[in-house]
Amino acid sequence: MKQIVESFRNSQDMLFSALEGHDSDAIFQASKQLGQAAAQLGAIDTENLDPNLRPLMSKADELMQASIYRLRFLRDHSSTRLQLLAGFRENQANTYSGTVRGR
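Residues numbered from 1 in each chain as written. Predicted model: local features only at pLDDT ≥ 70, side-chain atom pairs only at ≥ 80, totals over all residues. Heavy atoms only, no water.

Caption draft 1: Broad picture of the packing of helix H1 (residues 2-21) against helix H3 (residues 54-85). Closest axis-to-axis distance for the H1/H3 pair is 10 Å, and the angle between their directions is 25 degrees. By the criterion of interaxial angle, the relationship of H1 to H3 is roughly parallel. Helix-helix and strand crossings are classified by hand; for H1 and H3 the assignment is left-handed. Where H1 approaches H3, its residues Val5, Glu6, Phe8, Arg9, Gln12, Leu15, Phe16, Leu19 and Glu20 are matched on the opposing element by Leu56, Met57, Lys59, Ala60, Leu63, Met64, Ala66, Ser67, Arg70, Leu71 and Leu74. (Axes fitted to C-alpha atoms, helices over the stretch in contact; angles between N-to-C directions. Helix = DSSP H or I, 4+ residues; strand = E, 2+ residues; numbered from the N terminus. Parallel < 35°, antiparallel > 145°, perpendicular 65-115°, else oblique. Left-handed = near helix turned anticlockwise from the far one by under 90°. Contact = heavy atoms within 4.5 Å.)

Structure representation (structure tokens):
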């Protein structure tokens, strides 16, 4: 049981590192691994949870909340950058099209 909790914690650390590095491939891989670790963790019967693991589980929960906030920040940051790159203004993106202004 402790190994499952530690695997989950290591997966969280990998996700944090990938988020800090802004490496989309590493974020994807770490997210997959974290999903697998979360599935294993979810299969644990909480009735039989070793009381010594409760602090580790609390820390894992805190880290999960922190990763959610980081992912939201990264999503918002990426969205803002894409809008700026597209020349977004007044609800209309400045994109290439078949029409030419002034003709």
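Still more to cover.
Caption draft 2: Focus on H3. Over its 32 residues, H3 extends 46 Å from the first C-alpha to the last, a length consistent with the 46 Å expected when each residue adds 1.5 Å. Those residues of H3 that fall on the buried side of the exposure criterion are Ala60, Leu63, Ser67 and Leu74. Packed against the buried residues of H3 are H1 and helix H2 (24-42). Two residues or fewer after H3 comes glycine 87, characterised by a positive phi angle close to 70 degrees. (Expected span 1.5 Å × (residues − 1). Buried < 20%, exposed > 50% of the residue type's maximum accessible area, 1.4 Å probe, protein only.)

Caption draft 3: Focus on the side chain of glutamine 12. Looking at the element boundaries, glutamine 12 is found in helix H1. Among the residues examined, glutamine 12 registers a relative accessible area of 2% and is labelled buried.

Caption draft 4: Region of the structure containing the side chain of serine 11. Structurally, serine 11 can be placed in helix H1. Under the relative-accessibility criterion, serine 11 is labelled buried at 1%. Excluding its chain neighbours within four sequence positions, the residues that come into contact with serine 11 are Gln33, Leu34 and Ala37.

Caption draft 5: Just the packing of H1 against H2, in detail. Direction vectors running N to C along H1 and H2 enclose 160 degrees, while the axes themselves pass 8 Å from each other. One way to sum up the angle between H1 and H2 is to call them roughly antiparallel. For the pair H1 and H2, the sense of crossing is left-handed. Listed contacts from H2 to Ile4, Val5, Ser7, Phe8, Ser11, Gln12, Met14, Leu15, Ala18 and Leu19 of H1 are Ala26, Ile27, Ala30, Ser31, Gln33, Leu34, Ala37, Ala38, Gln40 and Leu41. Its residues assigned to classes, the contact of H1 with H2 comprises 14 nonpolar, six polar and no charged. (Nonpolar A, V, L, I, M, F, W, Y, C, P; charged D, E, K, R; others polar.)

Interpretation in functional terms is not warranted from these geometric data alone.
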